[in-house]
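# Understanding the architecture of this molecule
Now for the letters of each chain:
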2 protein chains.
Amino acid sequence: MAGHDQKVYRSSTTAPVNIAVIKYWGKRDATLNLPTNSSLSVTLSQTDLRAHTTASCSDSYPYSEGDTLILNSTPQNIHASKRTLACLSDLRILRRALEDADPSLPRLSAFPLRIVSENNFPTAAGLASSAAGFAALVRAVADLYELPQSPSELSRIARQGSGSACRSLMGGYVAWRAGSAEDGSDSLAEQVAPASHWPEMRALILVISDAKKDVPSTEGMQSTVATSALFPSRAKSVVPERMTAMENAIRDRDFASFAEITMRDSNNFHATCLDTWPPIFYINDTSRAAIRVVHDINRAAGETICAYTFDAGPNAVIYYLEENSERVLGTFKQVLNPAMEGWAETKSAQDVTSFLEALNSRAVEMLNTGVSRVIVTSVGEGPLKVSSHLVSESGDILTGSSN
Amino acid sequence: MAGHDQKVYRSSTTAPVNIAVIKYWGKRDATLNLPTNSSLSVTLSQTDLRAHTTASCSDSYPYSEGDTLILNSTPQNIHASKRTLACLSDLRILRRALEDADPSLPRLSAFPLRIVSENNFPTAAGLASSAAGFAALVRAVADLYELPQSPSELSRIARQGSGSACRSLMGGYVAWRAGSAEDGSDSLAEQVAPASHWPEMRALILVISDAKKDVPSTEGMQSTVATSALFPSRAKSVVPERMTAMENAIRDRDFASFAEITMRDSNNFHATCLDTWPPIFYINDTSRAAIRVVHDINRAAGETICAYTFDAGPNAVIYYLEENSERVLGTFKQVLNPAMEGWAETKSAQDVTSFLEALNSRAVEMLNTGVSRVIVTSVGEGPLKVSSHLVSESGDILTGSSN
C-alpha cells in the first residue's frame, strides 16, 4: 500500500438564489422531492445574494467524525439531515465510478468531506437560502470530485436536498421539469434561456416582516396536496398551460406576458394555500399593499411595467426591466423610505409624480410601515467556481472571509 | 265606472339577514341573477338584524310619480334600478292574474306603489343589507297583493333583486338551488330545515373595519367567473359535493361537519377571489386573526365548537352551538373589549383561561385592535307580517318608528 496522502483537496463555488415565476408547490414523492408540477424561475445575481461553499476532503480528516458541514459558522448535524446525506451519497457514487475507471485518480470518494458554507443574505430577511445553499454544496462537491456531469444532471442530485435548489444550478431562466418517472430520473432543471438572452430583467425585493411564524414550506405543500379541493386543477391544467406560455414570453422577451403570468401564478399558488385545511397564509396586508401598488403603477403607466411574486412568506419580489427602472424603482423609493438601506445605487432622475398620484394612499401607508429593507438586483449567472476558500490548505476552517 | 277608491292599502313585514355557509359567488346569467352554483345559508334572528318594509298602494297616489321607494328615509330612484323594477313587475303580473280571475277584487295592480323600508343594521358595519331588503320588499308587496304563492315561488322573484335575497324568504336552514333552466324558473330557494329543527345554532358577528373599499360583489363575481383558473372546479365539483354533505350535517345536527364544511367553503370562495385577475381581497389581517383564533379554540377544546365564515368583506361570522356559548363567547369576550357594545347579555361564568392560553398572542392583539363591535345572534325565522307600518292610513310616510 502507498503511504497516506495528507493533501487537503478543495473546491469552492458561489451559487445564486432563484425566484420562481411559475411556482413549485406540492410533492408527488416527498423522499425524492419530486414535484406535482413543473416550475420556472429567474436566477438572481450573486452580486447581491449568494451562498459561498467550500467542499474539501482529505485522508487526514478524522474518519471517526465522518463528513462535516459548517453553515454560517455553526456546525450542522449532517447525519440528521437525510437530504444532505442523499446529495453526498449520490455525488460519491459518481466519483467512485470515475475512480474505478481510472485507478490513477486519488480515492477522494473514500475521504471524509469537510464542507463550509456561508451566505450573505440579510439576517432574518426570510429569504429562502436553502436553494442557493444546496446548489452551492452540490456544485462545490462535484467540482472537488471533478465530475463530468452537466448542470442538468447535477440538478437531479440537488433536487433531493431542496426541490428549488435544482433551479439554482443554472443562470438566467430555468425550468424544472416535473418528469413522470417514479425514480425521479426525468425530474431535473433545464435552462430555458441564459441571462444574456434577456439581461435587462431586474428584481426589487421588499423585505416585509411578519410576526406570525410561517408554516414551513415542506409541511405546507404536503397539506395543500392532501386537502385543497382546488389544487388538482392547478397541478393538472393551470401550471402546464402557463409553463408553455411563460417559455414563449421569455423566448420573445415579452415582458407584459411574462409579468401577467408571474402575477397570476403567484396569486394562484397563494389561493391554493388559502384553500388548504387548515388554511395557510403567507401573504399579509403589507404584501396585499405591494400587490395593489404594482397594479396601480401598471395602470398609471398604461402598460405592464412591473410584476409581483411571493414565495412562502410575505416578502414581495417585483420584476421589471432596466428601461423602466426609474418609473418602478423611483416610485417605490418615494413610497418607502428613500434613505432605507439598499436604494444606494438607484437613479431617480425621472419625475414619478404622476405615478405617486395614482397610488392608493392606504396601500402606500401600509408599505411605508411594513417594509423593513429593500434589495435591488437582477437576473444573473449560475454557480461560479471561486478561488476564495473557506477551508485552508491545511484543512482549517476559515469563515467570515467571503462577504 | 265606479267612483275613485281613495283607500290606502298597506302591508308590512320584517325580513331577516342570512349568512351563507356554502357561498354564492358567480352568475351564469347576470340579468336574471342565475348562479353558477347552489348555495346554503342560515337565516339569522330578526331580533338583532332586520329590514322592515311597508308596501302600500292607492289610487290616490299621484300617477305622475309612478312607484316610489324610500329606503332609510332616503327617496330612491326606483326607475334606475332594473332589479327593483323586475321584482315589482313580476309581483304585479301575479296580482293582475288574481284580479282578472275575480273582478270583485280591487285593481291594486294598477295603483302606484309607495314602499318605505328601514333596516336596523349598525351604520357602516358593512353587513350586506340587500338580501334582507329585497326579501322584505317582495314579501310586503306579495302580502299587499294577497298573493297565494309560496315563499319558494316568491324566492324566484326576490332572486332578481339580489341573488342572496331569495334565501331570506325562509327561516332556518335554506338552500338556493342553482337550477339549469335558461329562464331561471328552477333557480329558487328551498327550506332544508326550519329553525326549530336545530334551534341551538348561534352566530357571533365580529365587525372588522377595512379602510380599503371592497370590490362590489356583483363586479367581483363576474370577474372571478371570467378570469379565475380555479373557479370552474369550485362551481362544477367542489360545491355540489359540499351541498350534499352540508344538508346531511344539518339533517343530523352534526356541528363538527357543519363547521368544517362552512370554514372550508369560506376559504375556498376567498381562494377563488385571490385567483381572480386582478386579484380581489375581502379578508384582511384581522380576519386572518379571527380564523387563527377559531382554529386555536377548537384545538384547545379538542373538538370543533366554532366555525368562521366571511362574505365579500372582512367581517367574521362565527357559528357555534348554545351549549358552547360560554367557551366560545367567553373566550372572544376576553380577547376583545368586554365592555364593547353587543356583549350585554352574554353569560360568562365558565373559566376560559385554558382557551385564552391556547391563543396566538399576535392574533389576539390583531383582533383586539381590529374589531369595532360585535353582534351576538342566532338562527331565526323567515319574514314576519307586522302591524307596525311605515306608511299611515292616509298614505303619509312614517319613519324612524320601527327600530
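Residues numbered from 1 in each chain as written. Chains lettered and ligands numbered in written order. Predicted model: local features only at pLDDT ≥ 70, side-chain atom pairs only at ≥ 80, totals over all residues. Heavy atoms only, no water.

With an unreviewed UniProt entry as reference, chain A is termed Diphosphomevalonate decarboxylase, source organism Emydomyces testavorans. Its UniProt record gives chain A the following Pathway (unreviewed entry) comment, quoted word for word: "Isoprenoid biosynthesis; isopentenyl diphosphate biosynthesis via mevalonate pathway; isopentenyl diphosphate from (R)-mevalonate: step 3/3." (UniProt positions renumbered as here; feature names shortened; annotations may be inferred.)

## Digging into the relation of the copies chain B and chain A
Turning chain B through 180° and shifting it by 0.0 Å along the axis lays it on chain A, with an RMSD of 0.0 Å. Between the two chains, the operation in question is that of a two-fold axis. It is Ala271 of chain B whose C-alpha, among those of chain B, lies nearest the rotation axis, at 2.1 Å. (Least-squares fit on C-alpha atoms with pLDDT ≥ 70 in both.)

## A few points about the packing of aromatic side chains
Evaluated as defined, the whole model comprises 18 aromatic pairs over all chains. Between the aromatic rings of Trp198 of chain B and Phe258 of chain B, the centroid separation amounts to 5.5 Å while the plane-to-plane angle is 80°, which identifies the pairing as edge-to-face. With Trp198 of chain B in the loop between strand E11 (189-193) and strand E12 (201-208) and Phe258 of chain B in helix H6 (residues 255-274), the pair connects residues that are 60 residues apart, well separated along the chain. Take Trp198 of chain B and Phe258 of chain B: they sit in the same class, and that class is buried. The structure contains a cluster of three or more aromatic residues connected by ring pairs, namely Tyr173, Trp198, Phe255, Phe258 and Tyr319 of chain A. Sitting over the ring of Tyr61 of chain A, Arg114 of chain A keeps its end group 3.8 Å from the ring centre. (Phe/Tyr/Trp six-rings, centres within 6.5 Å; stacked < 30°, edge-to-face > 60°. Helix = DSSP H or I, 4+ residues; strand = E, 2+ residues; numbered from the N terminus. Buried < 20%, exposed > 50% of the residue type's maximum accessible area, 1.4 Å probe, protein only. Lys NZ or Arg CZ within 6 Å of the ring centre and 35° of its normal.)

## Things to note about the interface of chain B and chain A
On the chain A side, the residues contacting the 33 residues of chain B number 33 residues. Summing the contributions of chain B and of chain A, the shared interface buries around 3,000 Å²; its carbon and sulfur component is 63%. Our count for the chain B to chain A interface comes out at zero salt bridges. Mapped by element, the contributors of at least two residues to the side of chain B that touches chain A are helix H5 (231-251), H6 and helix H7 (285-301) of chain B. Looking at the side of chain B that touches chain A element by element, the count peaks at nine residues for H6 of chain B. (Contact = heavy atoms within 4.5 Å. Buried area = accessible area lost by both parts, 1.4 Å probe. Salt bridge = Lys/Arg side-chain N within 4 Å of Asp/Glu carboxyl O.)

## Looking at the sheet that holds strand E5 (residues 39-43) of chain B
Residues and elements named next belong to chain B. With respect to topology, four strands assemble into an open sheet ordered E2-E5-E10-E11, the strand pairing being antiparallel. Each edge of the open sheet carries a strand with a single partner, namely strand E2 (18-22) and E11. Neighbour-to-neighbour, the strand axes of this sheet turn through a mean angle of 35°, independent of strand direction. Direction of pairing for E5 relative to strand E10 (residues 173-176): antiparallel, over a ladder of four bridges. Within E10, the position partnered with Leu40 by the bridge is Ala175. (Pairing = 2+ DSSP bridges. Axes fitted to C-alpha atoms, helices over the stretch in contact; angles between N-to-C directions.)

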